[in-house]
Amino acid sequence: MKYFSTRNINEVVSPANAIVLGIASDGGLFVPDDIPHFDLNDLINCNSFQLQTKIINAFFPDIPHVADLVEKAYFKKFETAELTPTKKVGKFNVLELYHGPTYAFKDVALCMLPQLLSASIKVLGHEKPVRILTATSGDTGKAALSGFANAENLSICVFFPYDGVSDIQRKQMITQRGNNVHVAAVKGNFDDIQSMVKKIFVSSKNLDLNYNLTSANSINIGRLVPQIMYYFKSYKDLVDREQISFGDHVNFSVPTGNFGDILAGFLAKQIGLPIKKLICASNENKVLTDFYSTGIYDKNRDLVKTSSPSMDILISSNLERLLYFLCKDDNYISEIMKNLESTGKYQVNQEIHNKIKDEFWATYCDNFQTQNCITNVWNNHNYLIDPHTACGWFAAEKYVDFTGDNTPMIVLSTASPYKFCTSVLGALGANFEQDGFSQMEQLNKISGVPIPKNLANLKNMNNIHNNVIEVSQMKDFSLA
Ligand SMILES: *Cc1c(COP(=O)(O)O)cnc(C)c1O
């Protein structure tokens, strides 16, 4: 197995090197030269750990002892032994991806990535450790800190906007323990911080540092591949409960931002999982819905702040990988990505557009519909969902209404409702308090759903990282 850039198939690297590099030197994303194919029989009898081991072995054959890495990544880190349970809720099934250390689906990949990175550094015989730099608008920061804390040969710096995160998100980050973690609040907005991180990467290229710098965001193939597992696990759960028979098709509805999660679903299908449609759910930042209907990707619009902030994205980076898989033409991808950089938009040809329509369906959900959806799912099923999951549920309903397709539906639930108390309490008609911790208690009283353990304990934890810095000080902080 080799990896190459979506923009130049002659830029070839080993699997371990693709993980360490994160992104190709031409700005393209690494893709495998061959997609493994599994016999469904081989996968369906595995538990989550075994599934993850098989999938990672197949995509990264040069990384040894994968079963041990998987064990280290997940054992006792999740609140459920099976990692990602699927619940039957009304006419749909909900795949709960939020039982990890920070209660968002990003934990599934960000627990695994540090193990893959450490192992890759060893395989490559690099003598320098790796330092991760991450700008966060809230969620990714804590999930990355938690995944990377105390990982061998790695250290991590996380920057968050001083005024731009919730009380709980701040507390989650500044209480993170670990001898290799560094956290700073920065006096700037997310875009300022993100741009500065990119500048630090570029301007440090020729410096003789004691470590190599890389990023942990979802363009890293080592973050994408570990997300394939739960599609299989959820399918197996439905078979075990006799809701479907072995070999039946299912649909998945996926709340989408950077297109990583749903692309993992597409890969699950290529590997052999019988998926009929992948439903791409967006919020009011509906670049992907428009792309689906017109074949034109156009990011020239204002970013809207919504109640599902982790999907407030105008450039869905992982879409580039999908387009490559659909056309296998690196020159074509290179050309349209140049268009995206220079004009903010591109149009795909009819052949690609048709293939997308075969595999996917897409719609979006506005703030009002999101609130309504949380209310309805609670009233009808006594089941609490967060605003991101609500977009997925809404899209699934719309798909069924529109197509009449009754294939069993699995909605991916990407965050605990306790991470978004304000929206959820609002949807339940409660007059809520300002303080985030009081809101959690309030939501607990109304719903009876237990507060996740790490969130409940957070209030009493010591603040460790009290740094507040200027954007101009970020480089010194990163390289210290
Ligand atoms: C990141 C995130 C998403 C979007 O996932 P992508 O892989 O970026 O498409 C959806 N919901 C939540 C809660 C997230 O944190």
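Below or above, wherever it landed, is the structure these notes cover. From a predicted model like this one, the values you see are computed outputs, not experimental measurements.

### Brief notes about the overall build of the protein chain
Line of reasoning, step 1. Summing up its helical and strand segments, the protein chain has 21 helices and 16 strands in all.
Line of reasoning, step 2. For the protein chain, the spread of C-alpha atoms along the three principal axes comes to 60 × 50 × 45 Å.
Line of reasoning, step 3. Of all 480 residues assigned to the protein chain, the portion counted as buried reaches 59%.
Line of reasoning, step 4. Summarising the internal contacts of the protein chain: among those between residues at least 6 apart in sequence, 74% fall at separations of at least 24.
Line of reasoning, step 5. Accessible area of the protein chain: about 19,300 Å², with a carbon and sulfur share of 47%.
Line of reasoning, step 6. Across the protein chain, the mean location of the 44 positive side-chain charges is 3 Å away from that of the 49 negative side-chain charges.

### Observations regarding the site of the ligand
Line of reasoning, step 1. Within the structure, the ligand sits among 14 residues, and K106, G257, N258, D261 and T414 are positioned closest to it.
Line of reasoning, step 2. Here an oxygen atom of the ligand sits 3.2 Å away from a polar atom, N or O, in the main chain of G260.
Line of reasoning, step 3. A distance of 2.8 Å separates a nitrogen atom of the ligand from a polar atom in the side chain of T414.
Line of reasoning, step 4. The fraction of the free accessible surface of the ligand (380 Å²) that becomes covered by protein chains is 97%.

### A look at the side chain of T175
Line of reasoning, step 1. Summarising the element assignment, T175 is placed in the loop between α7 (167-174) and β8 (181-187).
Line of reasoning, step 2. At 2.7 Å, the side chain of T175 forms a polar contact with the backbone oxygen of K171.
Line of reasoning, step 3. A distance of 3.4 Å separates a polar side-chain atom of T175 from the backbone oxygen of Q172.
Line of reasoning, step 4. Ignoring anything within four residues of it in the chain, the contact list for T175 reads L458, M461, N462, N463 and I464.

### Quick notes on the sheet that holds strand β1 (residues 3-5)
Line of reasoning, step 1. The strand order across the open sheet built from 3 strands is β2-β1-β3, with neighbouring strands paired in antiparallel fashion. The open sheet has two edge strands with one neighbour each: β2 (8-13) and β3 (30-32). Taken over all neighbouring pairs, the strand axes of this sheet differ in orientation by 40 degrees on average, direction set aside.
Line of reasoning, step 2. Seen against the sheet, helix α13 (residues 319-327) touches β1, β2 and β3 and runs at an angle of roughly 40 degrees to β3.

### Remarks on helix α16 (residues 367-381)
In an α-helix, one turn spans 3.6 residues, which is why side chains three or four residues apart end up on the same side.
Line of reasoning, step 1. In a regular helix each residue adds 1.5 Å, so 15 residues correspond to 21 Å; α16 covers 21 Å between its end C-alpha atoms and thus fits that length.
Line of reasoning, step 2. Considered for burial, the residues of α16 that qualify are T370, C373, I374, V377 and W378. The buried residues of α16 occupy an angular sector of 125 degrees when the element is viewed end-on, so they sit on one face. Exposed and oriented more than 90 degrees from the buried face of α16 are F368, N379 and N380.

### A word on the packing of α13 against helix α14 (residues 330-343)
For any two helices packed against each other, one specifies the crossing angle of their axes together with the interaxial distance.
Line of reasoning, step 1. Contact geometry for α13 and α14: axes closest at 9 Å, N-to-C directions at 145 degrees. With respect to the hand of their crossing, α13 and α14 are arranged in right-handed fashion. Packed against α13, whose contacting residues are E320, L323, Y324 and C327, the element α14 presents D330, Y332, I333, I336 and M337 at the interface.
Line of reasoning, step 2. Of the residues in the contact of α13 with α14, the class split is 7 nonpolar, no polar and 2 charged.

### Regarding the packing of aromatic side chains
Line of reasoning, step 1. Overall, the coordinates contain 17 aromatic pairs when judged by the stated rule.
Line of reasoning, step 2. Both rings, one in F4 and one in Y324, keep their centres 5.8 Å apart while their planes meet at 80 degrees; by these two values the pair is edge-to-face. Here F4 is found in strand β1, whereas its partner Y324 is found in helix α13, with 320 residues between them in sequence.
Line of reasoning, step 3. Residue F4 is classed as buried on the basis of its relative accessible area, which comes to 11%.
Line of reasoning, step 4. The class of Y324 is buried, set by a relative accessible area of 5%.
Line of reasoning, step 5. On the numbers, 5.9 Å between centres and 45 degrees between planes, the contact of F259 with F360 is tilted. Here F259 is found in the loop between β10 (250-255) and α11 (260-271), whereas its partner F360 is found in strand β14 (residues 360-364), with 101 residues between them in sequence. Each member of the pair F259 and F360 is classed as buried.
Line of reasoning, step 6. Lying across the ring of Y162, R170 places its NZ or CZ 5.8 Å from the centre.
Line of reasoning, step 7. When the ring centre of Y364 is taken as origin, the NZ or CZ atom of K286, which lies over that ring, is 5.3 Å away.

### Points about the state of the cysteines
Line of reasoning, step 1. Applying the stated criterion to the full structure yields 0 disulfides.
Line of reasoning, step 2. There is no disulfide at C111, and the cysteine sulfur nearest it, in C157, is 20 Å away.
Line of reasoning, step 3. The thiol sulfur of C373 is not disulfide-bonded, and the nearest other cysteine sulfur, from C365, lies at 6.2 Å.
Line of reasoning, step 4. In this structure C373 comes out as buried when scored by relative accessible area, which is 5%.

### Topic: the pairing of β2
Line of reasoning, step 1. In this sheet, β2 lies alongside β1 in antiparallel orientation, the contact comprising 3 bridges. Across the sheet, residue Y3 finds its bridge partner in β2, namely V13.
Line of reasoning, step 2. The hairpin turn running from β1 into β2, its antiparallel successor, is 2 residues long.

### Section: the pattern of salt bridges
Line of reasoning, step 1. Applying the stated rule across the entire model yields 16 salt bridges.
Line of reasoning, step 2. Of the charged contacts, one joins E320 and R7 as a salt bridge, the two residues approaching to 2.8 Å between their closest N and O atoms. Of this pair, E320 sits in helix α13 while R7 sits in the loop between β1 and β2, and the two are 313 residues apart along the sequence.
Line of reasoning, step 3. When the shortest N-O distance is used, the salt bridge between D405 and K276 registers 3.2 Å. Of this pair, D405 sits in the loop between α17 (387-403) and β15 (409-413) while K276 sits in strand β11 (residues 275-282), and the two are 129 residues apart along the sequence.
Line of reasoning, step 4. Within this structure, R7, E320 and E341 form a network of salt bridges that share partners.

About the criteria used
- Residues numbered from 1 in each chain as written.
- Predicted model: local features only at pLDDT ≥ 70, side-chain atom pairs only at ≥ 80, totals over all residues.
- Heavy atoms only, no water.
- Helix = DSSP H or I, 4+ residues; strand = E, 2+ residues; numbered from the N terminus.
- Buried < 20%, exposed > 50% of the residue type's maximum accessible area, 1.4 Å probe, protein only.
- Contact = heavy atoms within 4.5 Å.
- Areas by Shrake-Rupley, 256 points an atom, 1.4 Å probe, with all protein chains shown as cover.
- Lys, Arg positive; Asp, Glu negative; His and termini not counted.
- Charge placed at Lys NZ, Arg CZ, Asp CG, Glu CD.
- Near = heavy atom within 4 Å.
- Polar contact = N/O pair within 3.5 Å; in protein donor to acceptor, adjacent residues only side chain to side chain.
- Pairing = 2+ DSSP bridges.
- Axes fitted to C-alpha atoms, helices over the stretch in contact; angles between N-to-C directions.
- Expected span 1.5 Å × (residues − 1).
- Arc of directions from axis to C-beta.
- Left-handed = near helix turned anticlockwise from the far one by under 90°.
- Nonpolar A, V, L, I, M, F, W, Y, C, P; charged D, E, K, R; others polar.
- Phe/Tyr/Trp six-rings, centres within 6.5 Å; stacked < 30°, edge-to-face > 60°.
- Lys NZ or Arg CZ within 6 Å of the ring centre and 35° of its normal.
- Disulfide = S-S within 2.5 Å.
- Salt bridge = Lys/Arg side-chain N within 4 Å of Asp/Glu carboxyl O.

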